[in-house]
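Take a look at the letters that make up each chain.
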Amino acid sequence: MTTNDFPEEVRALRETVGLMADQLTRIGVGPKLMTTPECAEFLSVGKDIMFEWRKSGEGPPFLHITARTIRYDRDAVLEWAQSHEVK
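Report on the accompanying structure. Predicted, not measured: the structure shown is a model, and the values here were computed from it.

A closer look at the environment of Asp-22
Part 1 of the reasoning: In this fold, Asp-22 is placed in helix H1 (residues 5-26).
Part 2 of the reasoning: On the accessibility criterion, Asp-22 (39% relative accessible area) is partly exposed.
Part 3 of the reasoning: Each C-alpha atom of the pair Asp-22 and Glu-38 lies 9.9 Å from the other, and the pair is 16 residues apart in sequence.

Okay, here's the thing in structure tokens:
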């Protein structure tokens, strides 16, 4: 192996790690605090739905950290979703 092979290996490794992180996020092992797009993907809804839910107060609880920073706690979102279970 030459030193010229390292950049390609590093790129491949970064891509693999990124894919693994995406998979972990989808099964609920991902980030504890999720952005709106991450939360929308977690719930399998669109970002527009998340905005409407936030505006109407119907959606999952969220953290309003700054005027432009909204985060969703994964555990609180999961609890909220489970509270909508129809029996």
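Structure shown, so let's carry the discussion forward.
Here's the deal with the sheet that holds strand E2 (residues 63-66)
Part 1 of the reasoning: Ordered by their spatial adjacency, 3 strands build an open sheet running E1-E3-E2, and the pairing between neighbours is antiparallel. The open sheet has two edge strands, strand E1 (33-34) and E2, and neither has a second partner.
Part 2 of the reasoning: In the sheet, E2 pairs with strand E3 (residues 69-73) via 3 bridges, with the strands oriented antiparallel. Bridge pairing in E3 places Leu-63 opposite Arg-71.

Some remarks on a nonpolar patch on the surface
Part 1 of the reasoning: Taken together, the side chains of Leu-33, Leu-63 and Ile-65 make up a nonpolar region of the molecular surface, amounting to roughly 250 Å² of accessible area.
Part 2 of the reasoning: For Leu-33, a relative accessible area of 39% gives the class partly exposed.

Structural notes on the packing of aromatic side chains
The geometry of an aromatic ring pair comes down to the distance between the two centres and the angle between the two planes.
Part 1 of the reasoning: The full count for this structure, using the stated rule, is 2 aromatic pairs.
Part 2 of the reasoning: Taken together, a centroid distance of 6.0 Å and an interplanar angle of 55 degrees make the contact between Phe-62 and Tyr-72 tilted. Taken as a pair, Phe-62 in the loop between helix H3 (47-56) and E2 and Tyr-72 in strand E3 lie far apart in primary sequence, 10 residues in all.
Part 3 of the reasoning: The partly exposed category is assigned to Phe-62, whose relative accessible area is 34%.
Part 4 of the reasoning: Taking the relative accessible area as the measure of exposure, Tyr-72 reaches 1% and is therefore buried.
Part 5 of the reasoning: Here Arg-54 stacks its cationic end above the ring of Phe-62, 5.9 Å away from the centre of that ring.

A few points about unusual backbone geometry
Trans peptide bonds make up most of the peptide bonds, and negative phi angles are found at most residues other than glycine.
Part 1 of the reasoning: One non-glycine residue, Ser-44, lies in the positive phi region at around 60 degrees.
Part 2 of the reasoning: You can see Ser-44 is positioned in the loop between helix H2 (36-43) and H3.

Comments concerning helix H4 (residues 74-82)
Part 1 of the reasoning: Residues of H4 that are buried: Arg-74, Val-77 and Trp-80. When H4 is viewed along its axis, its buried side chains cluster within an angular range of 125 degrees and face the same direction. Along H4, the residues that are exposed and aim more than 90 degrees away from the buried face are Glu-79 and Gln-82.
Part 2 of the reasoning: Where H4 begins, the side chain of Asp-73 points an oxygen toward the backbone nitrogen of Asp-75, at a separation of 2.9 Å.

Procedures and definitions
Residues numbered from 1 in each chain as written. Predicted model: local features only at pLDDT ≥ 70, side-chain atom pairs only at ≥ 80, totals over all residues. Heavy atoms only, no water. Helix = DSSP H or I, 4+ residues; strand = E, 2+ residues; numbered from the N terminus. Buried < 20%, exposed > 50% of the residue type's maximum accessible area, 1.4 Å probe, protein only. Pairing = 2+ DSSP bridges. Patch = residues over 30% accessible without salt bridge, like charges linked within 9 Å, V, L, I, M, F, W, Y side chains within 5 Å. Areas by Shrake-Rupley, 256 points an atom, 1.4 Å probe, with all protein chains shown as cover. Salt bridge = Lys/Arg side-chain N within 4 Å of Asp/Glu carboxyl O. Phe/Tyr/Trp six-rings, centres within 6.5 Å; stacked < 30°, edge-to-face > 60°. Lys NZ or Arg CZ within 6 Å of the ring centre and 35° of its normal. Arc of directions from axis to C-beta. Polar contact = N/O pair within 3.5 Å; in protein donor to acceptor, adjacent residues only side chain to side chain.

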